[in-house]
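Below, each chain spelled out in residue letters.
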Amino acid sequence: MLKTHEQAGPSSVGALGQPAGTGLIGNLQGRRSVLPKGGAYAKVSDAVISASAGAAEAELRVARLKANAQSKNWMPSIGPSVNLSSLGGLAASLLLEQALFDNGRRKAERAFASADVEVAAVSLSTAMNQRVFEGLSYYVNAQRARAQAVVAQAAAGRLQEFNGIMGKRVAGGLSDGSEQQVLNQRVAEMQATVAVDLQTEASQMAQLAALAGQPLGGISGLDALPDLGQSTAEPLAVVKARGEGARAIAQAQMQLAGLKFGLSATAGLDDGGVNPGVKLNGAGLFNPGAKDNIAALQQTGDVVDRQTAEAAETANRRIVALQQQKANLASRQAQGNEVLRQTAANLNLFTQQYKVGRRTLLELVGQYDAYARLQRDQASLGYDMALIDLEIARDRGLLVDGARM
């Protein structure tokens, strides 16, 4: 059977000026951002929200206006009526029509408009969370590039020191020019890595400035977010599926009511006075396919339930996958830290062996270059995990306070 949703009285507008419905708007407004107050993330978030063009907000306002208009559809309709009276002549009158029995069609219209507002509200929340996520992604990637550049700059400086030593050895005849060329190449490669990192940082910050409408300098560091794996906040994709389901059910109720018997009282006012009448409605009264149409519409509730369940399953699988990805990164980081520790120990050993003449300068340089690149790669993993935390918060709609919408 077609499932119904409880609606408020003749007018489906709540005390806060929002159409009563499935409670999705209250759910969204009750959410609180997980971004730490006053932190770097919050500063980026405030900037990108302030610069938003507000297209989704405009859509929500339009939906609210439509819902407010539909909330008065229980009242009689009054409008002009123009008919052919005789050979080519026109007769104009004023027609008043009041539904006496409509199988819940007007109530369904109010429910549809209310659900439309809720869907628009979810779209607004999704758009705002996505916008904040994009801004924070630019910021995190810029911070990653900056951290990697610091490692690469230190390595380039150290390699340049080794290059100076090699130059003295070549000048003294202890090494040949080929070793100098190899070391020059190592230095050039590390300097190129520094340049790429600095360019990446500048590019990400430029995109963030374009999104925020202003440069965001003087911000640094990452903020720790709470573990959202077991959060009770329903993913926005599921909330939207429920809102769209409520709207689909209301639409089916409207169509179902239109196929059944309906009755309206009419009163026409013209030069001859008031002409009362009764109007019979029902598109399916004499339609041979009406029975099948009604049966199909009555299955809408089951279809909506299945679609909502699929949306919940998909959203939950995505969050689980993100959590597993983060766990894998944490494992890689722990293993990488151990490898980095061992590499640092080997580098110290190579240094001691070089000082006593058991290792060549190029062997020491090769070991140091490997250590520096591993250190640079290791620095990136923490930022990958930070982006995953932000993705989960975005999917759950927890990057923006609901009260701001």
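Keep in mind it's a predicted model, so treat the numbers as computed, not measured.

1. Some details on the overall build of the protein
Here is step 1: Within the protein one finds 9 helices and 4 strands.
Here is step 2: Per-residue burial for the protein yields a buried fraction of 40% across its 405 residues.
Here is step 3: Expressed as a percentage of contacts within the protein between residues at least 6 apart in sequence, the contacts between residues at least 24 apart total 81%.

2. Some remarks on the side chain of Asn163
Here is step 1: As for its placement among the helices and strands, Asn163 is situated in helix α4 (residues 105-171).
Here is step 2: Setting aside chain neighbours within four positions, we find Asn163 in contact with Gln180, Leu183, Asn184 and Val187.

3. Some details on helix α8 (residues 300-355)
Here is step 1: Here α8 contains 56 residues, and its C-alpha end-to-end distance of 81 Å stays within 8% of the 82 Å for a straight helix at 1.5 Å per residue.
Here is step 2: Immediately beyond the C-terminal end of α8, within one or two residues, lies Gly357, with a positive phi of roughly 85°.

4. Re the nonpolar core
Here is step 1: Residues Tyr41, Leu390 and Leu399 are the most contacted members of the largest nonpolar core, which totals 40 residues.
Here is step 2: Mapped by element, the contributors of at least two residues to this core are α2 (40-50), α4, α5 (177-212), α8 and α9 (361-395).
Here is step 3: For this core, the element with the highest residue contribution is α9, accounting for 9 residues.
Here is step 4: Residues within four places of Tyr41 in sequence aside, it is in contact with Leu35, Leu136, Tyr139, Val140, Leu222, Asp223, Leu225, Ala386 and Leu390.
Here is step 5: If you look at the next biggest cluster of nonpolar residues, it comprises 19 residues, including Phe162, Met166, Met190 and Tyr368.

5. Notes on the pattern of salt bridges
Here is step 1: Under the definition given, this model contains 18 salt bridges.
Here is step 2: In this structure, the salt-bridge partner of Arg144 is Asp384, at a minimum N-O distance of 2.8 Å. Here Arg144 is found in helix α4, whereas its partner Asp384 is found in helix α9, with 240 residues between them in sequence.
Here is step 3: Take Arg144: its relative accessible area is 12%, and that puts it in the buried class.
Here is step 4: Asp384 sits in the partly exposed class, given a relative accessible area of 23%.
Here is step 5: A salt bridge links Glu234 to Arg242; the shortest N-O distance between them is 2.9 Å.
Here is step 6: On the basis of relative accessibility, which here comes to 28%, the residue Arg242 falls in the partly exposed class.

6. Notes on the confidence of the model for the protein
Interpreting fine coordinate detail is not advised for predicted regions of low pLDDT.
Here is step 1: Within the protein, residue pLDDT values average 80, and 74% of them lie at 70 or more.
Here is step 2: Of all the helices and strands in the protein, strand β1 (residues 77-86) carries the lowest mean pLDDT, 46, while α9 carries the highest, 94.
Here is step 3: Long-range and interchain partners of residues 74-79, a stretch whose pLDDT sits below 50, account for 19 contacts in this model, where long-range means more than four residues apart.
Here is step 4: Counting interchain partners and residues more than four positions distant, the pLDDT-below-50 stretch residues 81-95 has 30 contacts.

7. What to know about the packing of helix α6 (residues 236-259) against α8
Here is step 1: Taken N-terminus to C-terminus, the directions of α6 and α8 make an angle of 170°; their axes are 9 Å apart at the nearest point. In terms of axis orientation, α6 runs roughly antiparallel to α8. Between α6 and α8, the contacting residues are Ala237, Val238, Ala241, Arg242, Gly245, Ala248, Ile249 and Ala252 on the first element and Thr300, Gly301, Val304, Thr308, Ala311, Ala312 and Ala315 on the second.
Here is step 2: In terms of residue class, the contact of α6 with α8 is built from 10 nonpolar, 4 polar and 1 charged.

8. Some details on α2
Here is step 1: Of all 11 residues that make up α2, 8 are buried, and the element is covered over most of its length.
Here is step 2: Taken as a whole, α2 has its buried residues at Ala40, Tyr41, Ala42, Val44, Ser45, Ala47, Val48 and Ile49.
Here is step 3: In this structure, the buried side of α2 is in contact with α4, α5 and α9.

9. Things to note about the packing of aromatic side chains
Here is step 1: In the structure shown here, the tally under the stated rule is 3 aromatic pairs.
Here is step 2: On the basis of an interplanar angle of 90° and a centroid distance of 6.3 Å, the ring pair of Tyr41 and Tyr139 is categorised as edge-to-face. With Tyr41 in helix α2 and Tyr139 in helix α4, the pair connects residues that are 98 residues apart, well separated along the chain.
Here is step 3: The buried category is assigned to Tyr41, whose relative accessible area is 1%.
Here is step 4: With relative accessibility at 1%, the residue Tyr139 sits in the buried group.
Here is step 5: Ring geometry for Tyr368 versus Tyr371: centroids 6.4 Å apart, planes at 45°, classification tilted. With Tyr368 and Tyr371 both in helix α9 and 3 residues apart, this pair spans about one turn of that helix.
Here is step 6: Among the residues examined, Tyr368 registers a relative accessible area of 13% and is labelled buried.
Here is step 7: Ring pairs connect the aromatic residues Phe162, Tyr368 and Tyr371, which therefore count as one cluster.

10. Comments concerning the packing of α4 against α9
Here is step 1: Viewed as axis vectors pointing N to C, α4 and α9 meet at an angle of 175°, and their least axial separation amounts to 10 Å. As far as their axial angle goes, α9 and α4 are roughly antiparallel.
Here is step 2: Class assignment for the residues of the contact of α4 with α9 results in 23 nonpolar, 8 polar and 8 charged.

11. What about the environment of Glu134?
Here is step 1: The topology assignment puts Glu134 in helix α4.
Here is step 2: By relative accessible area, which is 32% here, Glu134 ends up partly exposed.
Here is step 3: Sequence separation between Glu134 and Glu391 is 257 residues; the distance between their C-alpha atoms is 9.8 Å.

Criteria and cut-off values
Residues numbered from 1 in each chain as written. Predicted model: local features only at pLDDT ≥ 70, side-chain atom pairs only at ≥ 80, totals over all residues. Heavy atoms only, no water. Helix = DSSP H or I, 4+ residues; strand = E, 2+ residues; numbered from the N terminus. Buried < 20%, exposed > 50% of the residue type's maximum accessible area, 1.4 Å probe, protein only. Contact = heavy atoms within 4.5 Å. Expected span 1.5 Å × (residues − 1). Core = buried A, V, L, I, M, F, W, Y, C linked by side-chain atoms within 4.5 Å. Salt bridge = Lys/Arg side-chain N within 4 Å of Asp/Glu carboxyl O. pLDDT = per-residue confidence, 0-100. Axes fitted to C-alpha atoms, helices over the stretch in contact; angles between N-to-C directions. Parallel < 35°, antiparallel > 145°, perpendicular 65-115°, else oblique. Nonpolar A, V, L, I, M, F, W, Y, C, P; charged D, E, K, R; others polar. Phe/Tyr/Trp six-rings, centres within 6.5 Å; stacked < 30°, edge-to-face > 60°.

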